[in-house]
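Notes for the structure review
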Amino acid sequence: MTRISPPFRADHVGSLLRPAALLDARRRHKAGEIDGGSLRAAEDAAIRDVVRMQEEVGLQTVTDGEFRRTSWHMDFIYQLGGIDPTDEKLMVHFRNEQGELDFESAALKVHDRITLADTIFAEAFTFLRDNASSAQTPKLTIPSPSMVHYRGGRAAIDRCVYPELDGFWADLTSAYAEQVRRVADLGCTYLQLDDTSLAYLNDPKQRELIASMGGDAEHQHEQYIRTINAALANRPDGLRVTTHMCRGNFRSSWAAEGGYDFVAEALFSELDVDGFFLEYDDDRSGGFAPLRFVPPGKQVVLGLVTTKKGALEDKDQLKRRIDEASRYVPLDQLCLSPQCGFSSTVEGNVLTYDEEVAKLRLIVETAREVWG
């Protein structure tokens, strides 16, 4: 039951805690104390170290930890032609076990037709590719095209540019399809589309918010699935694509709740990806019953290990939960990972580097004992 193609039995979502030296270099660069070359050197050094760490714990997957980014999605989206940040602020309300907090970032505006000029994250990926060992498969993570729409809806799209949304979806799809083709040309064999929208839409409060903005809350996930499928329709042979879904991950906090029931049938039976990374670290994610819609040939990566706190999970409990999930989808179609990244934004979650490494090692050890 060993897997030689992604997703792997022991895998991880992508982002990792930024080391103190890198955070300091970012601070000094922002203050004008060091130039871009010095920041790049600090990023390179940190990425080389984290690549080796992933190999040492036994992972077949390797990412650059998203160390060159401020956030998991906006660094990519702002590089699409026709999209810029605005002076308006996007406020996302988060919750955690201690209380509530808000995350504020620049909103986006689609002010011109969406295009792709330069390949986004090309240099970041090639550096990762060139520094990975022969035993590691480099993974590139980018936000799903859904996120371009979900972050602002119709109000963020200039009606003079796109009077009807059909043109918006067509251009967005075309830009993403070109990005997919180009990263494959760079040697990428493992691409992940990160998508909070498909998990958020399971939450009735999120659907109420979409409806209040004039969106079609009952069918928006179906539009997103069609868009992703169109973007991937002509992906090159040899490129494995997964999607990751979570309900928010900012400084150990979340934004949405609810099982996968609302989107499950369309999501699992229609989305044309090779695997689904699913958040399943606590009761907010619901049960495993929606996995009954997963067809043969698709992998489900169970996010049973939380990145939101440092306490290490019990290995036997992880095995019991894997066994429970296997009642709905065969064990051979299951894998194990953290529920999300450790640092979806530069701030990172509330745990230490050693706790992060221990969790990754636990995932590898558990996967070996379950699948061999």
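Presented here is an overview of the structure given in this document. (Residues numbered from 1 in each chain as written. Predicted model: local features only at pLDDT ≥ 70, side-chain atom pairs only at ≥ 80, totals over all residues. Heavy atoms only, no water.)

The next point concerns the environment of phenylalanine 276. Within the secondary structure layout, phenylalanine 276 lies in strand β8 (residues 275–279). Taking the relative accessible area as the measure of exposure, phenylalanine 276 reaches 0% and is therefore buried. When the C-alpha atoms of phenylalanine 276 and glycine 215 are compared, they prove to be 26 Å apart, with 61 residues separating the residues in sequence. When residues no more than four places from it in sequence are discounted, the contact partners of phenylalanine 276 are Thr243, Met245, Leu267, Phe268, Leu271, Lys298, Gln299, Val300 and Val301. (Helix = DSSP H or I, 4+ residues; strand = E, 2+ residues; numbered from the N terminus. Buried < 20%, exposed > 50% of the residue type's maximum accessible area, 1.4 Å probe, protein only. Contact = heavy atoms within 4.5 Å.)

Attention shifts here to helix α2 (residues 36–56). Here α2 contains 21 residues, and its C-alpha end-to-end distance of 30 Å stays within 8% of the 30 Å for a straight helix at 1.5 Å per residue. Residues Leu39, Glu43, Asp44, Ala46, Ile47, Val50, Val51, Met53 and Gln54 constitute the buried set of α2. Looking at the buried side of α2, the elements it contacts are α1 (20–30), β1 (61–62), α4 (122–131) and α12 (353–371). The opening residue of α2 is aspartate 35, an N-cap whose side-chain oxygen sits 3.2 Å from the backbone nitrogen of glycine 37. (Expected span 1.5 Å × (residues − 1). Polar contact = N/O pair within 3.5 Å; in protein donor to acceptor, adjacent residues only side chain to side chain.)

Here the focus is the state of the cysteines. Enumeration over the complete set of coordinates arrives at zero disulfides. Summary of cysteine pairing: cysteine 246 is not part of a disulfide, and the nearest cysteine sulfur, belonging to cysteine 340, is at 3.6 Å. Among the residues examined, cysteine 246 registers a relative accessible area of 3% and is labelled buried. (Disulfide = S-S within 2.5 Å.)

For the rest of this paragraph, the subject is the pattern of salt bridges. Within the structure shown, the criterion is met by 28 salt bridges. Arginine 40 is paired through a salt bridge with aspartate 44; the nearest N and O atoms lie 3.8 Å apart. With arginine 40 and aspartate 44 both in helix α2 and four residues apart, the pair spans about one turn of that helix. Residue arginine 40 is classed as partly exposed on the basis of its relative accessible area of 29%. Glutamate 55 is the partner of arginine 52 in a salt bridge, and the nearest nitrogen-oxygen pair spans 3.5 Å. With a gap of three residues between them, arginine 52 and glutamate 55 both fall in helix α2, about one helical turn apart. (Salt bridge = Lys/Arg side-chain N within 4 Å of Asp/Glu carboxyl O.)

On to the pairing of β8. Where burial is concerned, most of β8 is hidden: five out of the five residues are buried. Pairing analysis gives four bridges linking strand β7 (residues 240–245) to β8, with the strands arranged parallel. Note on β8: the bridge partner recorded for histidine 244 is phenylalanine 277. Looking at chain direction, β8 and strand β9 (residues 299–305) are connected through five bridges and run parallel. The residue bridging glutamate 279 from the neighbouring strand is glycine 303, located in β9. (Pairing = 2+ DSSP bridges.)

Since one α-helical turn is 3.6 residues long, residues separated by three or four positions face the same way. Counting buried positions along α4 yields seven of ten residues, so the element is predominantly enclosed. Within α4, burial applies to Ala122, Ala124, Phe125, Thr126, Phe127, Leu128 and Asn131. At its buried positions, α4 is contacted by α2, β1, β4 (137–138) and β5 (140–143).

For a regular strand, side chains alternate in direction, first toward one face of the sheet and then toward the other. A two-sided burial pattern is seen for β5, the buried positions comprising Leu140 and Ile142 on one face and Thr141 and Pro143 on the other. Looking at chain direction, β5 and strand β6 (residues 190–194) are connected through four bridges and run parallel. Bridged to proline 143 within β6 is aspartate 194.

To continue, consider the nonpolar core. Of all hydrophobic cores here, the largest spans 97 residues; its most connected members are Leu291 and Leu302. It is helix α6 (residues 165–185) that contributes the most residues to this core, eight residues altogether. Contact partners of leucine 302, with chain neighbours within four places excluded, come to Leu278, Tyr280, Phe288, Leu291, Ile322, Ala325, Leu334, Cys335, Leu336 and Ser337. Counting six residues, the second largest nonpolar core, distinct from the first, contains Tyr190, Phe277, Val301 and Cys335. (Core = buried A, V, L, I, M, F, W, Y, C linked by side-chain atoms within 4.5 Å.)

Moving on, we get to the packing of α6 against helix α9 (residues 220–232). The N-to-C vectors of α6 and α9 enclose an angle of 40 degrees; their axes lie 7 Å apart at closest approach. One element, α6, and the other, α9, form an angle in the oblique class. Between α6 and α9 lies a crossing of right-handed hand. Mapping the contact onto sequence places Trp169, Leu172, Thr173, Tyr176, Ala177 and Val180 in α6 and Gln223, Tyr224, Thr227, Ala230, Ala231 and Leu232 in α9. (Axes fitted to C-alpha atoms, helices over the stretch in contact; angles between N-to-C directions. Parallel < 35°, antiparallel > 145°, perpendicular 65-115°, else oblique. Left-handed = near helix turned anticlockwise from the far one by under 90°.)

Attention now goes to unusual backbone geometry. Residues proline 6 and proline 7 are joined by a peptide bond in cis, for which omega reads -5 degrees. In this structure, proline 7 sits in the segment before α1. Look at glutamate 66: it is not a glycine, yet its phi comes out positive at around 60 degrees.

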